Amino acid sequence: MSAFTLQLLAADQQQRIEGVTSFVGEDGSGSFGILAGHQRLMTSLVFGLARFRCGDAPWQYLAVAGALLYFVDNRLQICTRRYLIDADYEHISSLLQQQLLAEEERMHSLRDSVRQMEDQILRRLWELGRQGREVN
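Residues numbered from 1 in each chain as written. Predicted model: local features only at pLDDT ≥ 70, side-chain atom pairs only at ≥ 80, totals over all residues. Heavy atoms only, no water.

Participant: Mind showing me how you'd approach the side chain of S22 here?
Facilitator: Structurally, S22 can be placed in strand β2 (residues 14-27). In this structure S22 touches F4, I34, L35, R51, F52, R53 and W59, once residues within four positions along its chain are discounted. (Helix = DSSP H or I, 4+ residues; strand = E, 2+ residues; numbered from the N terminus. Contact = heavy atoms within 4.5 Å.)

Okay, here's the thing in structure tokens:
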């Protein structure tokens, strides 16, 4: 059975996996599969789980928080902010859910901070405008 190389690249880690025989992922148009010899392909993976296997070994699950996938010359590169790999579907699904909730909380907190800064800037601009009218 033909195989290809999977290279995972993240901000804090990287990994090279030889002998991958099948990859299944999902982009904006739906699920798709890649086998050795596939044509050149570039797409964006959605936040969620992908899977791959080496030979007849069990599936390995790959959790990504969105990623850029590029396949060329029997080399599959996946670039993402972070990823998790696990053979246990239930375990990695739970980790992904926790990660998603934590990221949502961080984004909510960030939005609140930005909103407060905008309010302070607008208030200060309003005060400066008022002071400028009083001087004239």
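Participant: How should the pattern of salt bridges be read in this particular structure?
Facilitator: Pairing is possible between side chains that carry opposite charge, provided their charged atoms lie close to one another. Under the criterion given, the structure shown has three salt bridges. In this structure, R16 engages E18 in a salt bridge whose closest nitrogen and oxygen atoms are separated by 2.7 Å. Taking the relative accessible area as the measure of exposure, R16 reaches 52% and is therefore exposed. Measuring nitrogen to oxygen at the nearest pair gives 3.7 Å for the salt bridge that ties E127 to R124. Here E127 pairs with R124, and both are found in helix α1 (residues 89-135), just three residues apart, close to one helical turn. Given a relative accessible area of 32%, E127 falls into the partly exposed group. Taking relative accessible area as the criterion, R124 reaches 44% and is therefore assigned partly exposed. (Salt bridge = Lys/Arg side-chain N within 4 Å of Asp/Glu carboxyl O. Buried < 20%, exposed > 50% of the residue type's maximum accessible area, 1.4 Å probe, protein only.)

Participant: Which parts of the structure should I look at to understand unusual backbone geometry?
Facilitator: With a phi close to 50°, D73 is a non-glycine residue in the positive phi region. Mapped onto the fold, D73 is located in the loop between β5 (60-72) and β6 (75-80). Even without glycine at this site, N74 takes up a positive phi of about 55°. Judged by its relative accessible area of 31%, N74 is partly exposed.

Participant: Can you help me understand the environment of L68 in this one?
Facilitator: Looking at where L68 falls in the secondary structure, it is placed in strand β5. A C-alpha to C-alpha distance of 9.6 Å links L68 and D27, two positions 41 residues apart in sequence. Sequence-distant contacts of L68, defined by excluding residues within four places in its chain, comprise M42, T43, S44, Q77, I78 and C79.

Participant: How do you make sense of the pairing of strand β1 (residues 4-9) when you look at a structure like this?
Facilitator: The two faces of a sheet get side chains in turn, since along a regular strand they alternate between them. Of all six residues that make up β1, five are buried, and the element is covered over most of its length. Bridging between β1 and β2 involves five bridges; their strand directions are antiparallel. The residue of β2 that forms the bridge with L9 is Q14. Between β1 and β2, which pair antiparallel in sequence order, lie four residues. The pairing of β1 with β6 spans five bridges and is parallel. Looking at the pairing, L8 lines up with I78 of β6. (Pairing = 2+ DSSP bridges.)

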